[in-house]
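# Close look at the chain arrangement
Each chain, letter by letter, is given below.
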Amino acid sequence: MMLKSCYKVLSSALVLSLLAGTGAYADAGNTGTGTPENAASSEVNKPATPFSDVKAGHWAEKHIAKLNLQGIIQGKGAAKFGPNDNVTQEDAVILAIRLMGKDSQVKKDDAVVFPENFKVSEYAKGYVVLALQQGLLDKTDEFKSAEADKSEWGKRNASREWVTKLLIRAINQQKLADELVNVSSQFTDSGDITKGFSGYVNAAVSLKLMNGVSATKFDPKGLITRAMIAKMYSLAEGYYPVNYANQSIGLITGLTENSITLYDTENNSEKSFPIGKNALYFRFDSESLSTSSKLTKYAKALVIASEDGASYIEQIDDDAKVETLRGEVIRIVPNESKLWMFMDNKPTEIAYSSTLEVKDSSGNKLQVTDLAADATIEVTRDTFRAQPMALSIQVQGAKINKSGKGKITAVSDSSITIQSEDGSTTETWGMTANTLVTWNKEIKSVADLAVGDLINYEIASGLATKISVTRTMVGKTITGVLQHIDPDSKTINYKLDSNTNTLSANYLASNVQISIEGISQPSLSDLVRGDQVKLTINDQDAITQIQVISRKVETVNGANILNYDADSKTLTILDSAGKPTAVQLTANTKVEFNGSSMSLAAANYMLVKNRKVTIGFTEGVAVYLNLVNSYTGTLADINQTTNQLTISFETGGSMKIPFDQLAIEIYGRAQSNLSDLKTGDRITAQLGQNQEKVVAIQVHRTIQQEVVSVDNSNRKIRLKSPDGSVTEYSLGTNVKFFNDKGASINLTAFSANQVVNVQYAGRQPAIIKQIETTFGKVTSVSSDQLTVETLNGGKQDIKLGSNFRVIRNGSSSTSTSAVSAGDYVDIRKNEEDVVIVSVNAGTVRKFRSYIASSKEMFVFGTGVNDNNVRFVLSDDTRVIVNGSSSSMQALNNGDEITIYTINGKIALIVKS
């Protein structure tokens, strides 16, 4: 059959959907691009492409990544690219059309009829038609080739010389090819080049779009692989620029870890892009993946954007369009955004914008108004605007004037280091003896400044001249003589000088801490008029700590009552040495029986001869009186020969108490005996009816548990142990409750899922303390501190102390090197008050559906036996999609999500 010299385009529509939109590049049956596999965490070691068969460092990964993001080249399904697969002629044509930016001109819905021997896949026909119309392909040559070779023209593997001719024509370099037709070739196999192709080969080599397979061999009939053609076409963009829909070219005028800004010199406009989660950085002078730190600011760059921001960023050249000026500051006019500097023996006007970056000689950020007159500065100014603007100013000397707010991070007699209010910079300034320090409207000294204080400050010529403390983290202290405390109004009155009648007054902080030597866990009622006290005052003028410094409470443990006179309220006791002491009881005397408070009147009948009591007194006046049937302290010794145990008390001193038979209770043990006791154990020794001998010992243990439920009306609590078992306890009135800060609270403050430290006396709770859990994303790490962004968006600086531990993947570490910025962590203290940082990897699942009315989320099972597919969300559950707060409605069936659970509740859901 004679080859017809023409082809016909029919008007009837045959849908070529396999190439619509994302379109298959090499196989009409595979249109997907897949998802990344085995992506490395390091920025420069992770693969640049989403294809699992293009490993990190592949010689063509840069070009595959770029063309893929431009929509020119796609994968072959199942996250594969097939870099070593051969390219067919019809697919080479498709790439060429897309490279030219003419994909929209392809009539994909028209049916095409070619000569019978010229066979092309349906999905490629529209591209081949356009290539013939655009002159990329020579109709006569290709039809003859199809008639001579009976294989399908479109599925035929493209040769190196054939692709070279196609590409040179696609990038409009036909003239160069014509000029180089007769130029002698460096390749010894140039005679194998098909007639009419030598000019194209020479042009491609000249433009460095293609090399030989060796220094002396071109191999014109050799086949093109997908990796080869990706690199060729990518390099060709330098000679045939196309404004692809998702890319921009301009000068880098702004670059942070979160965004990049390009200046378009043709339109005199700027555009900013957020940095995508997996952004790739490249340079024109390297094939390898680079980093943002190696980009040249104010030089030209290419940005390809995707849904979550800039995904491909390539430095095109290093020609920074800036100049450097040096001189001395004359004058600054902020409202005109101008400054004048003396340069080359004459005043020079410098315009600037709000984005001007000013730094001192140490690299700390400043405001332009901080520059002092005569300060030597180096100005970097652009050369690409019609009105040049200062881009940055570097101070060469120390003549800086400024004021601001910040936090003290270090302080000495001669210098102070201040972290800016937003935490972005830290600066160190000198101080002199004349530096004015104030706090709470009082003049203080440099010695009163402390790390953590929030301050307002003024700098003159590089020295801190004024520092005003606005909030103190550690508090400022004063001493005085206590006059009166009113627990109801939460006020305290005191004299700063015992020789004056002038009173000072302050409110008490809600969690004020009391310290009195000789009294364990003292309260406000233990304070006495006339006490010499050291008061700590916070920035809100409230007293946070009261330390009695001039009174010592004398404590007698196990004293025997000799006599009590109810009329004079005089109690006479005998200490362990038989020495009698008379003590005055008052309305302020704190009386306890079995850990519960009682009035002195109610205790009268119990103050009988030979009853044992523990009493604390000062100057003959009783501060507290415990009507004991037990002693709590540290087991110092247990002698089974003499049947005596020795208890040491926190208030000082010790006591030997005899025993016969002992019942021993230890948490978690059904039965215990004397061998289970260890010196150093904190114990409660229960006395017999005559108070002479110990009959039972309750060993104290602190266990971290989780609250399951609370029954306030019946004073019951259910607690889950570390082994998962749940036990219900009835709480007596002597059980004490505290919050995380140590302040006394009620049982009503506890709720399900809270973490608590429970101090057991034997098998019963004696103290229950709330433990605060901080969950969030780590933003910065130092040797002893983590900064965490919590779910409410706030940031917390968390001091870890000296004995912290980091738990990651089941392994424990004592170094913050086990934590990285970006990790999600939950932080809390364990039962020993040691800070535990648990790196929360979350659980990766595939989202299925969500029922808003019942707050139920369903995920796909991970296998046939996985029934854990339903999760109930709380009102506090937060959802993050593409790095921003969102809602469950933003999730789609099949989305990969990470679920973070804290204390039994889903705290966070992050779409991967």
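Residues numbered from 1 in each chain as written. Predicted model: local features only at pLDDT ≥ 70, side-chain atom pairs only at ≥ 80, totals over all residues. Heavy atoms only, no water.

### Observations concerning the nonpolar core
Ranked by internal contacts, the top residues of the largest apolar core, which has 66 residues, are Val 93 and Tyr 233. Elements that contribute at least two residues to this core include exactly α1 (61-69), α2 (89-99), α3 (122-134), α4 (139-148), α5 (160-170), α6 (174-179), α7 (198-206) and α8 (226-236). For this core, the leading source of residues is α3, giving eight residues. Ignoring anything within four residues of it in the chain, the contact list for Tyr 233 reads Leu 67, Ala 92, Leu 95, Ala 96, Leu 99, Val 163, Leu 166 and Leu 167. Judged by nonpolar contacts, the second largest core, of 56 residues, contains Met 341, Ile 393, Val 533 and Val 553. (Core = buried A, V, L, I, M, F, W, Y, C linked by side-chain atoms within 4.5 Å. Buried < 20%, exposed > 50% of the residue type's maximum accessible area, 1.4 Å probe, protein only. Helix = DSSP H or I, 4+ residues; strand = E, 2+ residues; numbered from the N terminus. Contact = heavy atoms within 4.5 Å.)

### Points about the pattern of salt bridges
Counted according to the given criterion, the structure contains 29 salt bridges. Lys 76 is the salt-bridge partner of Asp 85, the closest N and O atoms lying 2.6 Å from each other. Residue classification places Asp 85 among the partly exposed residues on the basis of a relative accessible area of 31%. Where Arg 701 meets Asp 681, a salt bridge forms, and the shortest distance between an N and an O atom there is 3.7 Å. Here Arg 701 is found in strand β36 (residues 694-711), whereas its partner Asp 681 is found in the loop between β34 (654-665) and β35 (682-687), with 20 residues between them in sequence. Relative accessible area serves as the criterion here: at 28%, Arg 701 is assigned to the partly exposed category. Given the relative accessible area of 11%, Asp 681 is considered buried. Salt bridges sharing common partners tie together Glu 270, Asp 382 and Arg 385. (Salt bridge = Lys/Arg side-chain N within 4 Å of Asp/Glu carboxyl O.)

### With respect to the environment of Thr 324
Checked against the element boundaries, Thr 324 lands in strand β8 (residues 322-333). Residue class for Thr 324 comes out exposed when judged on its relative accessible area of 52%. A sequence separation of 54 residues divides Thr 324 from Glu 378, and the C-alpha atoms of the two residues are 6.8 Å apart. Once residues within four sequence positions are removed from consideration, Thr 324 is found in contact with Glu 378, Val 379 and Thr 380.

### Describing the sheet that holds strand β48 (residues 835-839)
In space, the seven strands of this open sheet follow the order β44-β43-β42-β47-β48-β45-β46, with mixed pairing throughout. Edge positions in the open sheet fall to β44 (795-799) and β46 (811-813), since each of these has one partner strand only. The sheet shows a mean angle of 35° between the axes of neighbouring strands, direction not considered. Sheet topology note: the strand β42 (residues 774-781)/strand β43 (residues 785-790) ladder contains five bridges and is antiparallel. (Pairing = 2+ DSSP bridges. Axes fitted to C-alpha atoms, helices over the stretch in contact; angles between N-to-C directions.)

### Observations regarding the environment of Ala 566
Of note, Ala 566 is situated in the loop between β25 (554-565) and β26 (570-574). Residue Ala 566 is classed as partly exposed on the basis of its relative accessible area, which comes to 40%. Taking the C-alpha atoms as reference points, Ala 566 and Asn 604, separated by 38 residues in sequence, lie 7.2 Å from one another.

### Some words on the sheet that holds strand β5 (residues 269-283)
Taken in spatial order, the five strands close into a barrel running β3-β4-β5-β7-β6, and their pairing is mixed. Averaged over all pairs of adjacent strands, the angle between their axes in this sheet comes to 60°, without regard to strand direction. Pairing analysis gives six bridges linking strand β4 (residues 259-264) to β5, with the strands arranged antiparallel. The residue of β5 that forms the bridge with Leu 262 is Lys 271. Its contacts with the sheet place α1 against β5, β6 (300-306) and β7 (309-315), and it is angled at close to 135° to β7.

### Brief notes about the packing of aromatic side chains
According to the stated counting rule, one finds 15 aromatic pairs in the structure shown. Ring geometry for Tyr 631 against Phe 649: centres 6.0 Å apart, planes inclined by 70°, an arrangement best described as edge-to-face. Placement of the pair is Tyr 631 in strand β32 (residues 630-639) and Phe 649 in the loop between β33 (644-648) and β34, with a sequence separation of 18 residues. Owing to a relative accessible area of 3%, Tyr 631 belongs among the buried residues under this scheme. Put simply, the rings of Phe 114, Phe 118, Phe 143, Trp 153 and Trp 162 pair up and form one aromatic cluster. A cation sits over an aromatic face here: Arg 160 above Phe 218, 4.6 Å from the ring centre. Seen from the ring of Phe 197, Lys 165 lies directly overhead, with NZ or CZ sitting 4.8 Å from the centre. (Phe/Tyr/Trp six-rings, centres within 6.5 Å; stacked < 30°, edge-to-face > 60°. Lys NZ or Arg CZ within 6 Å of the ring centre and 35° of its normal.)

### Some words on α3
Within α3, 10 of the 13 residues are buried, leaving the element largely enclosed by the surrounding structure. Within α3, the full set of buried residues consists of Tyr 123, Ala 124, Lys 125, Gly 126, Tyr 127, Val 128, Val 129, Leu 130, Ala 131 and Leu 132. Tucked into the core, α3 has its buried residues touching α2, β2 (110-113) and α4. Following α3 by one or two positions, Gly 135 has its phi on the positive side, about 85°.

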